[in-house]
Amino acid sequence: MSEQHEEAERAVVHERVEDDVGDLEDVILDDDGHPLEAESGIMSFKNDVQHVMGSTEERTFSVTVYRRNGDRGRVTVKYTMEALTAIPGYDYQEDEGELIFRDGVLEQEFEVTILAKSVGERPDSFQVIIEDDTDTVVFNPWHDGGEARNILTVLIGNENPKAHTIRQKVWSCLDGILNIDEWCLGFHNWKDQVLEALLCGGSREEQESAGITAWILHVIWVPWKVPFAFFVAPPTFMGGWVCFIDSLLGIGLLTMLIGDLAELFGCALGIDDSITAITIVAMGTSVPDLFASRNAAKTDEYADASIVNVTGSNSVNVFLGIGLPWMWAAIYWSVNGADQDWTNKYGAEFGDTWGKNGGAAFIVRSGQLFFSVCVFTVAACVCLTVIVGRRILYGGELGGPADPKAYSSCLLILLWLFYIGLSTWKLMTKTEDATTQILAVAISIPVIMVLMLLFAALMKTLKLSKKNIGEEGVWGLFIATFVIIARILVYFAFQWQW
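Residues numbered from 1 in each chain as written. Predicted model: local features only at pLDDT ≥ 70, side-chain atom pairs only at ≥ 80, totals over all residues. Heavy atoms only, no water.

### Description of the pattern of salt bridges
- For the structure shown, the criterion picks out six salt bridges.
- Residue Glu121 is joined to Lys117 by a salt bridge in which the shortest nitrogen-to-oxygen separation is 3.5 Å. For the pair formed by Glu121 and Lys117, the shared burial category is buried.
- Residue Arg122 pairs with Asp124 through a salt bridge whose shortest N-O separation is 3.5 Å.
- The class of Arg122 is partly exposed, set by a relative accessible area of 22%.
- When its relative accessible area of 3% is taken as the criterion, Asp124 is described as buried. (Salt bridge = Lys/Arg side-chain N within 4 Å of Asp/Glu carboxyl O. Buried < 20%, exposed > 50% of the residue type's maximum accessible area, 1.4 Å probe, protein only.)

### Points about unusual backbone geometry
- The phi angle at Asp135 is positive, at roughly 60°, despite the residue not being glycine.
- Despite not being glycine, Met238 has its phi angle at roughly 50°, a positive value.
- Mapped onto the secondary structure, Met238 falls in the loop between α5 (212-231) and α6 (241-269).
- Owing to a relative accessible area of 49%, Met238 belongs among the partly exposed residues under this scheme. (Helix = DSSP H or I, 4+ residues; strand = E, 2+ residues; numbered from the N terminus.)

### Thoughts on the environment of Leu99
- The topology assignment puts Leu99 in strand β6 (residues 97-101).
- For Leu99, a relative accessible area of 6% corresponds to the buried category.
- A sequence separation of 23 residues divides Leu99 from Thr76, and the C-alpha atoms of the two residues are 5.7 Å apart.
- In this view, Leu99 contacts Val65, Val75, Thr76, Val77, Tyr79, Gln108, Glu109 and Phe110; residues no more than four positions away in its chain are not counted. (Contact = heavy atoms within 4.5 Å.)

### Digging into the confidence of the model for the protein
- Confidence in the prediction of the protein, expressed as mean pLDDT, is 82, and 89% of residues score 70 or more.
- Per-element confidence in the protein ranges from a low mean pLDDT of 40 for helix α1 (residues 3-15) to a high of 94 for strand β8 (residues 124-131).
- Residue range residues 1-22 is modelled with pLDDT below 50. Its contacts to residues more than four positions away, or to other chains, number 29 contacts. (pLDDT = per-residue confidence, 0-100.)

### With respect to the sheet that holds strand β2 (residues 42-44)
- Read across the open sheet, the four strands follow the order β7-β4-β2-β9; overall the sheet is mixed. Edge strands, defined here as strands with exactly one partner in the open sheet, are β7 (107-114) and β9 (138-139).
- Here β2 pairs with strand β4 (residues 59-68) via three bridges, running antiparallel. Paired with Met43 across the two strands is Arg67, which belongs to β4. (Pairing = 2+ DSSP bridges.)

### Quick look at helix α10 (residues 369-394)
- The end-to-end C-alpha separation of α10 is 36 Å, in line with the 38 Å expected for 26 residues at 1.5 Å each.
- The complete set of buried residues in α10 reads Phe371, Ser372, Val375, Ala379, Val386 and Arg390.
- Two residues or fewer after α10 comes Gly395, characterised by a positive phi angle close to 80°. (Expected span 1.5 Å × (residues − 1).)

### Structural notes on the side chain of Ser125
- Counting through the fold element by element, Ser125 comes out in strand β8.
- Apart from residues no more than four positions distant in its own chain, Ser125 is found in contact with Leu84, Thr85, Ala86, Val154 and Leu155.

### Describing a nonpolar patch on the surface
- Judged by side-chain polarity, Ile212, Ile216, Leu217, Ile220, Trp221, Trp224, Phe228, Leu257, Leu261 and Leu264 come together as a nonpolar surface patch covering roughly 1000 Å² of accessible area.
- At the level of elements, α5 and α6 are the ones that each hand at least two residues to the nonpolar patch.
- Here the nonpolar patch gets seven residues from one element, more than from any other, and that element is α5. (Patch = residues over 30% accessible without salt bridge, like charges linked within 9 Å, V, L, I, M, F, W, Y side chains within 5 Å. Areas by Shrake-Rupley, 256 points an atom, 1.4 Å probe, with all protein chains shown as cover.)

### Here we look at the packing of aromatic side chains
- The tally for this structure, following the rule as stated, stands at 13 aromatic pairs.
- Between Tyr92 and Phe126, the ring centres sit 4.0 Å apart and the planes meet at 10°, which makes this aromatic pair stacked. Highlighted residues: Tyr92 in the loop between β5 (75-83) and β6 and Phe126 in strand β8, separated in sequence by 34 residues. Of the two residues, Tyr92 and Phe126, both sit in the buried class.
- Taking the centre distance of 5.2 Å and the plane angle of 85° together, the rings of Tyr332 and Trp333 count as edge-to-face.
- Relative accessible area serves as the criterion here: at 19%, Trp333 is assigned to the buried category.
- Ring pairs connect the aromatic residues Trp183, Phe187, Trp190 and Phe237, which therefore count as one cluster. (Phe/Tyr/Trp six-rings, centres within 6.5 Å; stacked < 30°, edge-to-face > 60°.)

### Here's the deal with the packing of α10 against helix α11 (residues 402-429)
- In contact at an axis separation of 9 Å, α10 and α11 are set at 175° when each is read in the N-to-C sense. By the angle between their axes, α10 is roughly antiparallel relative to α11. On α11, the residues that touch Phe371, Ser372, Val375, Phe376, Val378, Ala379, Val382, Cys383, Val386, Arg390 and Tyr394 of α10 are Pro404, Lys405, Ser408, Leu411, Leu412, Leu415, Phe418, Tyr419, Leu422, Ser423, Trp425 and Lys426.
- In terms of residue class, the contact of α10 with α11 is built from 17 nonpolar, three polar and three charged. (Axes fitted to C-alpha atoms, helices over the stretch in contact; angles between N-to-C directions. Parallel < 35°, antiparallel > 145°, perpendicular 65-115°, else oblique. Nonpolar A, V, L, I, M, F, W, Y, C, P; charged D, E, K, R; others polar.)

### What about helix α9 (residues 340-350)?
- All of the buried residues in α9 are Trp342, Tyr346 and Gly347. What you see down the axis of α9 is that its buried residues fit within an arc of 130°, all on one side. Residues of α9 that are exposed and angled more than 90 degrees away from the buried face: Gln340, Asp341, Asn344, Lys345 and Ala348.
- Lining the buried residues of α9 we find α8 (304-336). (Arc of directions from axis to C-beta.)

Below is the structure:
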């Protein structure tokens, strides 16, 4: 194709570009009508919206960035694209880059590629964003995005003939409801998601260079990764709602599986279901939250997500995990009334019927719940006190000097053991005497204090050992101590058994 023909074709495309707003003023004014001061200039698009027309062939159009109210010095502006209803790779070619304005340069432009549109395909839109990572460039405050950046919304029309066949009309209707390009991209991402779960390291290149450790971890996690890769759709579909619902269902199924396995494990070892619930099941459902909080604490600037995750997760467990099943059960028994099983189990204690029309009540015995909640409340108050104290002393709930971090971690672990120990004691002894219960909680407090003092002594010993015999000597001493304690425990275990 000749150069003249290419220029003529591009000119035709440019004639189809429409602007919703008038031309950009040569000088950008403030609220009082005075020019905004900026020696290096104010960067801006011509307006906030730009129309382009798509057809059965790929087209390109130019986006111009203007420099107003100043032209001194060198200015660099970064441009990126963000999808709205238009899908990159299907409706437009995603691109990013930099525009360099040298001293005295007032305009720069870059090209955007619009991909071919089918007959009957609905109009789409995406955004072109100009910004500056160094926060030294001023943008037009009156345009979309404000002073931090400017946003140009590109509306892609369809100049193809309207759909006239039944197939084209059905396609157009489905595209208007579902956005066919979005679903095509979603299924493509789904395929990549499954392959990533199947391959060691997530790709063929990583799999070829994977070591023994990577392969061992891959074999361990494949039975978990692959089913969820098939079951949970990528967040491309319907703004992520399909992924959200699939994830909730997957979490529910996994929680149910963990609960059943933990119950079977406790049954095999002769452990009460309540003890299994507060130990094995609780740890199994909380370990993902632990890693999520750890990741948030390392990546987030203020680590707020790691704190909120704890309260949010427990709120979901209490209000949804318990509230919804109990609500459904209460409605079921109230509507259907008492059957023979209900009457045999609760009739002698609560009567044959409750309420009108012979409705039955959903009954949950409190059991050891009151004491367990009280112990948890005491531990939670101590934990909140530690968090507030750290904020006052060190300026944050997490982080800070090494020693306070270690002492805080040790105290929180001891609080967890405090809760587990007292709850287990209550479940095993089944004591109902309030004085005995209060005394057990009171005795636990000095025990925690003694353990904290022992931990402080251990920390001091490790520091002195590291200073005198080095880090390798510290680890040697630690391993030797561990081996000696383990051998003593084994010896007493055999003696007790004999």
